[in-house]
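Given next are the chains, with one letter for each unit.
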There are 2 protein chains.
Amino acid sequence: MKKEKVSNAVIRRLPRYYRTLYLLEQEGYERISSSALGSSMGITASQIRQDLSCFGEFGKQGYGYEIAGLLREIADILGMNNHYSAIILGAGNLGRALIRNFSFSSNGFTLRAAFDVDPALIGSTIGEVPVFALEALPDYMAANSIQVGVLTVPRNVAQPMAEKLIDGGVKGIWNFTNTELNVRGSGVTVESVHFADSLLALGYLISDNQKNTEPQNA
Amino acid sequence: MKKEKVSNAVIRRLPRYYRTLYLLEQEGYERISSSALGSSMGITASQIRQDLSCFGEFGKQGYGYEIAGLLREIADILGMNNHYSAIILGAGNLGRALIRNFSFSSNGFTLRAAFDVDPALIGSTIGEVPVFALEALPDYMAANSIQVGVLTVPRNVAQPMAEKLIDGGVKGIWNFTNTELNVRGSGVTVESVHFADSLLALGYLISDNQKNTEPQNA
């Protein structure tokens, strides 16, 4: 694998490649040209060839990509075979939605436990995930190797909860608190799911769409 | 406002500009240079000038951007003043998390109602949002002008529910079902929040980070 720095735009497209190829494989396809893959993803064939060239040689001229093989390669590039273990802080509505309905395992992660302060939840299980008291977090993290912390706590406790995860040795935080975390100097990677950014982009696209379909005043 | 086509990358950065400038304003700042704004967002000053030039002239050479004014302009570009009305289909864990904890109003949207099939929820209110029976959806949409449908239903009913929203006249769908919707020919914009894409990107960044901090074998 080449050691050059991969741009953020490419990193963001890799999961989309994975998802698109996975669906194509489910539908029974065995190979695909870069132009067909591009059109199903809304990007150009040359963009795809350029993206994948960051990681080595894939595909054959005039043959295209063998889907199962490319899926394995992308899974490997994405680190899906690292079997990272995750815990989740906050078993409120959003935490429960992720625990019950999001498949950590099909993305290569194992969700091991949830932590909350609500006595009604502590000691229960959600799906197959046990819910522990927040006070038990340091001991749990000392006894278990946890690479990822999922933050679904209220925004006003986001920063101290992030610090607990960092103290416990996580390598990454998946942040749903709609706030910016300060992790400087920790070496920890934060990936935030900003719902507002997505809704605002939708609003832009809707109003742009309507401008283009309404009669223009010259 | 210029009429040239704005790239998807710029559209994705606009909400981040808004969010960053909003926080700066909250912290009491009144103006900011493109280089300071860039460093707080992790992009270059020239990228910022180029992005904003898509929409007209902002900022003054040697003075920077007046934050309150730029915020208003970006809100306008994003269509935040269009006062779009939204409804949400699916008041399960994720739906409830959005209804209770996500501020539609501070992003310029009004969440008017939720729809579900669970008799225990129908007729209740979550926060101040009424929950109606799914069968009431067509009449509700005929009687109310709704531009945005939020989809937080199980994946296996995502497509038929999207079609109900399209039949009811929405302009956009905010899709949390982790599945691709087919809206071809409808003129409706779909914005999907793909949790998996975000988690996979985090996994990549963690493993890349560790490669770079571990001793390299030459």
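Preceding this paragraph is the structure being described.
Not measured: the values here are computed from a predicted model. (Residues numbered from 1 in each chain as written. Chains lettered and ligands numbered in written order. Predicted model: local features only at pLDDT ≥ 70, side-chain atom pairs only at ≥ 80, totals over all residues. Heavy atoms only, no water.)

A.B. asks: Honestly, the interface of chain B and chain A in this entry has me stumped. Any pointers?
C.D. replies: Note on interface size: it is often stated as the accessible area lost on association of the parts. With 60 residues of chain B in contact, the opposing surface of chain A contributes 60 residues. Both faces considered, chain B and chain A share a buried interface measuring about 5200 Å² in area, 66% of it formed by carbon and sulfur atoms. Together, Leu 199, Leu 200 and Tyr 204 of chain B form the three largest contributors to the area buried by chain B at its contact with chain A, with a combined 14%. Counting across the chain B and chain A interface gives four salt bridges. For the salt bridge of Asp 197 of chain B with Arg 19 of chain A, the shortest nitrogen-to-oxygen distance reads 2.5 Å. Summed over the shared surface of chain B and chain A, the result is 18 residue pairs in polar contact (both at pLDDT 80 or more). (Contact = heavy atoms within 4.5 Å. Buried area = accessible area lost by both parts, 1.4 Å probe. Salt bridge = Lys/Arg side-chain N within 4 Å of Asp/Glu carboxyl O. Polar contact = N/O pair within 3.5 Å; in protein donor to acceptor, adjacent residues only side chain to side chain.)

A.B. asks: I keep staring at the environment of Ser 124 of chain A and nothing clicks. Help me out?
C.D. replies: Residues and elements named next belong to chain A. Inspection of the secondary structure assignment puts Ser 124 in the loop between strand S4 (109-116) and strand S5 (125-126). On the basis of relative accessible area, Ser 124 is assigned to the partly exposed category, the value being 23%. Once the C-alpha coordinates of Ser 124 and Tyr 140 are considered, the two residues, 16 residues apart in sequence, prove to be 16 Å apart. Contacts of Ser 124, omitting those with residues within four sequence positions, involve Val 129, Pro 130 and Val 131. Only 2.6 Å separates the side chain of Ser 124 from the backbone oxygen of Leu 121, close enough to count as a polar contact. (Helix = DSSP H or I, 4+ residues; strand = E, 2+ residues; numbered from the N terminus. Buried < 20%, exposed > 50% of the residue type's maximum accessible area, 1.4 Å probe, protein only.)

A.B. asks: Would you explain the relation of the copies chain B and chain A in this entry?
C.D. replies: What relates the pair of chain copies is a rotation about an axis plus a shift along that axis. Relative to chain A, chain B is turned by 180° and slid 0.0 Å along the rotation axis, the superposed coordinates differing by an RMSD of 0.0 Å. The symmetry that links the two subunits is that of a two-fold axis. Every residue of chain B has its C-alpha some distance from the rotation axis, and the shortest such distance is that of Asn 93 of chain B, at 2.4 Å. Taken together, the interface assignments show that 100% of the residues at the interface of chain B recur at the interface of chain A, consistent with an identical surface on both copies. (Least-squares fit on C-alpha atoms with pLDDT ≥ 70 in both.)

A.B. asks: Looking at this structure, how should I read the packing of aromatic side chains?
C.D. replies: Tallied over the full model, the rule gives 25 aromatic pairs over all chains. On the numbers, 4.7 Å between centres and 70° between planes, the contact of Trp 174 of chain A with Phe 176 of chain A is edge-to-face. On the basis of relative accessibility, which here comes to 0%, the residue Trp 174 of chain A falls in the buried class. Their ring planes at 20° and their centres at 6.2 Å tell us that Tyr 18 of chain B and Tyr 22 of chain B sit as a pair that is stacked. (Phe/Tyr/Trp six-rings, centres within 6.5 Å; stacked < 30°, edge-to-face > 60°.)

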